Amino acid sequence: MTASALAGLNIAMRIDAEGQQAWEILEEILRDIDPFHYREVPFGVQKPFTKWLDKASTWVDEAGNEPAELFELANSQGESYFGWEAHLPIALIFSTIKIARWQPLAAMRLLLDYGRDTDTYAQLFGAFIGALYGPSIFPEQMVTDVLNRIESEYDEDLTAWVTEIVNARQNLAPNDGYETSVSIHSRSLDKTLQLNSM
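What counts and how
Residues numbered from 1 in each chain as written. Predicted model: local features only at pLDDT ≥ 70, side-chain atom pairs only at ≥ 80, totals over all residues. Heavy atoms only, no water. Patch = residues over 30% accessible without salt bridge, like charges linked within 9 Å, V, L, I, M, F, W, Y side chains within 5 Å. Areas by Shrake-Rupley, 256 points an atom, 1.4 Å probe, with all protein chains shown as cover. Salt bridge = Lys/Arg side-chain N within 4 Å of Asp/Glu carboxyl O. Lys, Arg positive; Asp, Glu negative; His and termini not counted. Charge placed at Lys NZ, Arg CZ, Asp CG, Glu CD. Helix = DSSP H or I, 4+ residues; strand = E, 2+ residues; numbered from the N terminus. Phe/Tyr/Trp six-rings, centres within 6.5 Å; stacked < 30°, edge-to-face > 60°. Buried < 20%, exposed > 50% of the residue type's maximum accessible area, 1.4 Å probe, protein only.

Attention now moves to a negative patch on the surface. On the surface, Glu-151, Asp-155, Glu-156 and Asp-157 cluster together into a patch of negative charge. By the secondary structure assignment, Glu-156 is in the loop between α8 (140-154) and α9 (159-170).

What follows concerns a nonpolar patch on the surface. Taken together, the side chains of Leu-105, Met-142 and Val-146 make up a nonpolar region of the molecular surface, amounting to roughly 220 Å² of accessible area. Its location among the elements puts Leu-105 in helix α6 (residues 104-114).

What follows is about the packing of aromatic side chains. The geometry of an aromatic ring pair comes down to the distance between the two centres and the angle between the two planes. Following the criterion strictly, the structure yields five aromatic pairs and no others. The interplanar angle of 25° and the centroid separation of 4.4 Å between the aromatic rings of Phe-71 and Tyr-114 together place this pair among those described as stacked. Placement of Phe-71 in helix α4 (residues 67-82) and of Tyr-114 in helix α6 is noted, with a sequence separation of 43 residues between them. One exposure class covers both Phe-71 and Tyr-114, and it is buried. For the pair Phe-94 and Phe-128, a centre-to-centre distance of 5.9 Å together with 70° between the ring planes defines the contact as edge-to-face. Remark: Phe-128 occurs in helix α7 (residues 118-133) and Phe-94 occurs in helix α5 (residues 88-99); sequence separation between them is 34 residues. In this pair, the class of Phe-94 matches that of Phe-128, namely buried.

Honestly, that's just the spatial picture; any functional story needs more than this.
What follows is the structure, given as structure tokens:
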């Protein structure tokens, strides 16, 4: 799960798309990444990330784009089938971004309103939002409030970390040891998306 998320975040920083298209590309990347070679297991083992992305799509369809219905499904199906394990935030993140019509800050608000494991949702969803949109997606006052609170409560200054991440995103070299082109077979559109110069 973590390996897929980190690989997806690395590639997400290189996606040159916005809104729904960016999230659809990210979802395809996350489906395609297979660091533990699940596809090679002869017994049809489904990769956990894929299972949870499928769950997100199912919940959106069953909820009829209603947040309250989505969260009721997460409560009933999440607890009875899966418990509150690390995979559930993926289903919630990808279902809320769809219900919020690809508006990341609206989706973040929905996740936080849902409650439960809000720190995990905010951290993981915030990482995806930051990777796809950069730091400018977050209103300046929100960033200031978060930085001040972390500094006052934990004696940590995140400014250096944020600067380093922003610089890394802006300075990605085409031949930095990572793949520079990722081809993803889009099952829903039945075509191949080519991400160049990532």
